[in-house]
Amino acid sequence: MTLYIAAYDAESAECLAACRKIVQVHRRHELPATFFITGKVLEADPEEYRRLLDDPLFEVASHTYSHKMLRDHPFCGPAASEQQIRDEIFLGKQSVERVFERPCLGLRPGCGWPDGLKGAPRALEFVSEAGFRYVSSMSWAKDFALPAPLNQPFSYEEQGFPDLWELPVHGWHENLLKDNNAWGPRRLTLWPPEMPEAIPPAFITTPAEEFAIYRLFIERAVSEELSFVSLVWHPWSLNRFDSEMEMLDLTFSHVRGLGLRAGTYGDLLARVREGAGRQRQL
Ligand SMILES: [Zn+2]
């Protein structure tokens, strides 16, 4: 059965107030989530984040130390220096583990790429050396287009890291759907599009419109019997657009209505590792 994962990238001071609201919605629906948080954001309010997220319902993972680029990105900028990349990976993990006193299994690098970290051997080495078990870095369609397709988990075996998993993320970076980055009109979609029904004609303006896009990805993942589906959400941007978090209510109710299992990226990791272990035995 398809696993639904609610996940958030927390990367600015605005995220704390938003996370307070988001956590309430999750508790109400008893629905798990993964919070990827930058070390900087976490270290600005460690007690408050711990109070909010130290809960069996939630996984806390790393969104790097300060959101510097691990490889070049046409919209987000060039890669940081090798030393900076190492620091982003190692210090981000240490922050999560210091504040929450539990292992930080996963890393979601800032911005993401169409092929994850496949073309970034040094970054992969650092990620593996730091002890991460998964990276969630594949979040664009080909040619740096959106929405990102429903890519499924794979291991970086071909790159020399058989025990490191890529657990991608799907759909729009929701901040861009709403022009919350003030990028204005930009070449973001593919032609011909792979999922034309998921490309709105203009910036969206209501939580209902936002949910209408997400349900397309969730329902397609279910109909194609994919292992999981997860969307790219940012606390600061969700709160700015939808201060009542209506979209979360609509999405989680729909997930429950479809009878989906909900879990964290950590749960997905356990699932894919178990599957890989079974295959090795065959
Ligand atoms: Zn980010």
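What you are looking at is a predicted structure, and each value in this text was computed from that prediction instead of being measured.

1. Focus on helix H4 (residues 82-100)
Okay, step 1: Here H4 is 19 residues long and its end C-alpha atoms lie 28 Å apart, about the 27 Å a rise of 1.5 Å per residue gives.
Okay, step 2: Taken residue by residue, H4 has Ile85, Glu88, Ile89, Phe90, Gly92, Lys93, Ser95, Val96, Val99 and Phe100 as its buried positions.
Okay, step 3: Glu101 lies just past H4 and shows a positive phi near 50°.

2. With respect to the pairing of strand S3 (residues 33-37)
Okay, step 1: Of all five residues that make up S3, five are buried, and the element is covered over most of its length.
Okay, step 2: Burial along S3 is two-sided: the residues Ala33, Phe35 and Ile37 and Thr34 and Phe36 are all buried.
Okay, step 3: Sheet topology note: the strand S2 (residues 7-10)/S3 ladder contains four bridges and is parallel. Bridge assignment links Asp9 to a residue of S3, and that residue is Phe36.
Okay, step 4: After leaving S2, the chain enters helix H1 (residues 15-29) and then returns to the sheet as S3, a path that is right-handed.
Okay, step 5: Sheet topology note: the S3/strand S4 (residues 58-62) ladder contains five bridges and is parallel. By the bridge assignment, Ala33 is partnered in S4 with Phe58.

3. What about unusual backbone geometry?
Okay, step 1: Cis rather than trans, the peptide bond between Leu146 and Pro147 has omega equal to -5°.
Okay, step 2: With respect to the element layout, Pro147 can be found in the loop between strand S6 (134-135) and strand S7 (154-156).
Okay, step 3: That bond from Trp191 to Pro192 is cis: its omega, -5°, falls within 30 degrees of zero.
Okay, step 4: Relative to the helices and strands, Pro192 is located in the loop between helix H6 (174-177) and helix H7 (207-223).
Okay, step 5: For Glu30, which is not glycine, the phi torsion reads 50° and is therefore positive.

4. Section: the state of the cysteines
Okay, step 1: In the structure shown here, the tally under the stated rule is one disulfide.
Okay, step 2: Between Cys19, a free cysteine, and Cys15, which holds the nearest cysteine sulfur, the sulfur-to-sulfur gap is 5.9 Å.
Okay, step 3: Distance from the sulfur of Cys104, which forms no disulfide, to the nearest cysteine sulfur (Cys19) is 15 Å.

5. Brief notes about the sheet that holds strand S1 (residues 3-5)
Okay, step 1: Reading across from one edge, S9-S10-S1-S11 is the order of the four strands in this open sheet, with parallel pairing throughout. Looking along the sheet, the strands with just one partner apiece sit at the ends: strand S9 (170-173) and strand S11 (261-263). Neighbouring strand axes in the sheet, compared pairwise and without regard to direction, differ in orientation by 20° on average.
Okay, step 2: Looking at chain direction, S1 and S11 are connected through three bridges and run parallel. By the bridge assignment, Leu3 is partnered in S11 with Arg261.
Okay, step 3: Lying on the sheet, helix H10 (residues 265-281) is in contact with S1, strand S10 (228-232) and S11; it crosses S1 at an angle near 145°.

What counts as what
- Residues numbered from 1 in each chain as written.
- Predicted model: local features only at pLDDT ≥ 70, side-chain atom pairs only at ≥ 80, totals over all residues.
- Heavy atoms only, no water.
- Helix = DSSP H or I, 4+ residues; strand = E, 2+ residues; numbered from the N terminus.
- Expected span 1.5 Å × (residues − 1).
- Buried < 20%, exposed > 50% of the residue type's maximum accessible area, 1.4 Å probe, protein only.
- Pairing = 2+ DSSP bridges.
- Right-handed = clockwise from strand over helix to strand, strands pointing away.
- Disulfide = S-S within 2.5 Å.
- Axes fitted to C-alpha atoms, helices over the stretch in contact; angles between N-to-C directions.
- Contact = heavy atoms within 4.5 Å.

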